[in-house]
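If you want the building blocks of each chain, they are given just below.
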Amino acid sequence: MFRGEDIGIDLGTASVLVYVRGKGIVLREPSVIAMVRDTKEVKAVGAEAYRMLGRTPGNIVAVRPMRDGVIADYTLTERMLTMFLKKVLAPTARLFKPQVMVGVPSGVTEVERRAVVQAIVEAGAKRAFLIEEPLAAAIGAGINIAEPTGSMVVDIGGGSTDIAVMSLGGIVQSESLRIAGNEFDDAIIRYVRRTHNLLIGERTAEEIKIRIGAAKIMSDEDRLVAEVRGRDLITGLPKTVEVRTEDVVDALSEPLEKIVLGVRRVLENTPPELVSDIVDRGILLTGGGALLKHLDALLQEATGVPVVVAENALDAVAVGTGRALEMIPVLKDTLISSDNVLKR
């Protein structure tokens with residue numbers, strides 16, 4: 001519990017992380033809300049709602065109000081954020097409202113920015129700031145973004161992959177792809193349906209990705225097998241099949257190729273001096289998608305540039321949003337403030 005301190009939020013498609021200075025990550029919950037279909041009464045949010053995905057009765061629906069890294073349903077997002085903030089805010093926060101820094105994909109539109117700012121203010125913030133996720137990830141991973149040296153971050157979240165080159169506290173070149181962890185899950189679902197005539201859900205696909213998934217096979221130790229249960233599309237009955245790491249590599253090849261091409265495009269459009277810095281320092285991978293086995297090796301092979309996975313890949317954006325509140329003078333030309341957005 002805290003009293004109106006400034007907080008950072010990684011408002012992701014897959015999960016929401018809340019960071020408080022001096023306390024670290026105080027909340028880590030799936031970005032899911034469950035409600036009664038007719039009355040819109042909220043039944044659960046976060047982990048409790050996530051357990052309901054695909055398992056609710058007809059009158060209750062569990063949904064993700066975020067899509068591709070931005071708000072898909074403003075009302076549900078605002079309700080979800082309000083309930084999350086209630087979990088971490090002390091009762092006195094009504095008097096001492098916090099300033100909130102939120103990470104957003106680098107390609108968001110003006111309308112999407114306004115929706116995020118309004119949702120955060122309505123949820124109980126005094127002021128809201130928006131920071132682009134790759135910049136927040138770099139700060140959270142310990143990169144000194146204020147120096148005149150090129151740094152490159154590839155942040156692979158649940159709904160979007162943000163690729164950026166930064167220097168002197170700002171982003172020099174960037175690209176945001178609506179391809180990330182959720183697209184990986186969808187690719188696995190399509191592959192299992194196509195090769196085994198088996199229908200599986202997104203939770204099962206995510207479990208496959210985590211347990212046996214890989215970007216490429218590098219040794220026999222990478223060849224794992226998992227039993228997968230689902231519904232046979234021919235008989236309509238339950239069925240169990242074996243899925244191998246090679247299958248997952250095949251399934252993920254198309255979305256991963258798009259990410260590789262995005263990284264190469266950003267490098268090709270980056271000034272030569274900064275490219276030289278990046279070759280020396282390497283590309284930093286952050287986000288949950290960065291934990292896919294051997295993804296760093298795949299990107300290094302495709303670009304010829306060293307690639308490193310951040311030690312705190314999952315938390316880098318959330319930690320960076322919190323630390324960015326201490327760097328507002330340095331980031332003033334980069335941040336978007338509710339003071340400006342809500343006046344328009």
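Residues numbered from 1 in each chain as written. Predicted model: local features only at pLDDT ≥ 70, side-chain atom pairs only at ≥ 80, totals over all residues. Heavy atoms only, no water.

Within the protein chain, the secondary structure is distributed over 12 helices and 19 strands. Here the C-alpha coordinates of the protein chain stretch approximately 60 × 55 × 35 Å along the principal axes. Across the 344 residues of the protein chain, 53% fall into the buried class. Residue pairs in contact within the protein chain that sit at least 24 positions apart in sequence constitute 64% of those at least 6 positions apart. For the protein chain, the accessible area works out to roughly 15600 Å², and carbon and sulfur atoms hold 48% of it. (Helix = DSSP H or I, 4+ residues; strand = E, 2+ residues; numbered from the N terminus. Buried < 20%, exposed > 50% of the residue type's maximum accessible area, 1.4 Å probe, protein only. Contact = heavy atoms within 4.5 Å. Areas by Shrake-Rupley, 256 points an atom, 1.4 Å probe, with all protein chains shown as cover.)

Take the packing of helix α5 (residues 181-196) against helix α6 (residues 202-212) next. Geometrically, a packed helix pair is captured by the angle between its two axes and the distance between the axes. Contact geometry for α5 and α6: axes closest at 9 Å, N-to-C directions at 100 degrees. On the basis of their axis angle, the class for α5 and α6 is roughly perpendicular. Here α5 contributes Gly-181, Phe-184, Asp-185, Ile-188 and Ile-189 to the contact with α6, which in turn contributes Glu-202, Ala-205, Glu-206, Ile-208 and Lys-209. (Axes fitted to C-alpha atoms, helices over the stretch in contact; angles between N-to-C directions. Parallel < 35°, antiparallel > 145°, perpendicular 65-115°, else oblique.)

Across the sheet, 6 strands lie side by side as β3-β2-β1-β9-β10-β19; this open sheet has mixed pairing. Both edges of this open sheet fall to β3 (24-30) and β19 (336-337), since each of them pairs with a single strand only. With 5 bridges joining them, strand β1 (residues 7-11) and strand β2 (residues 15-20) adopt antiparallel strand pairing. Note that in β2 the partner of Asp-10 across the bridge is Leu-17. (Pairing = 2+ DSSP bridges.)

UniProt marks Gly-158, Gly-159, Ser-160, Glu-206, Glu-207, Ile-208, Lys-209, Gly-288, Gly-289, Ala-290 and Leu-291 with the feature "binding site: ATP" (unreviewed entry), using the numbering shown here. Cross-referencing the annotated residues with the lining of the largest pocket gives Gly-158, Gly-159, Ser-160, Glu-206, Glu-207, Lys-209, Gly-288, Gly-289 and Leu-291. Topologically, Gly-289 is positioned in the loop between β17 (283-286) and α9 (295-303). Note on Gly-289: relative accessible area 9%, which makes it buried. Aside from chain neighbours lying at most four places away, what touches Gly-289 is Ile-156 and Leu-295. Inspection of the secondary structure assignment puts Leu-291 in the loop between β17 and α9. (UniProt positions renumbered as here; feature names shortened; annotations may be inferred. 1 Å grid on protein atoms, 1.4 Å probe; cavity = no way out; pocket = protein on both sides within 12 Å on 5 of 7 lines; lining within 4 Å.)

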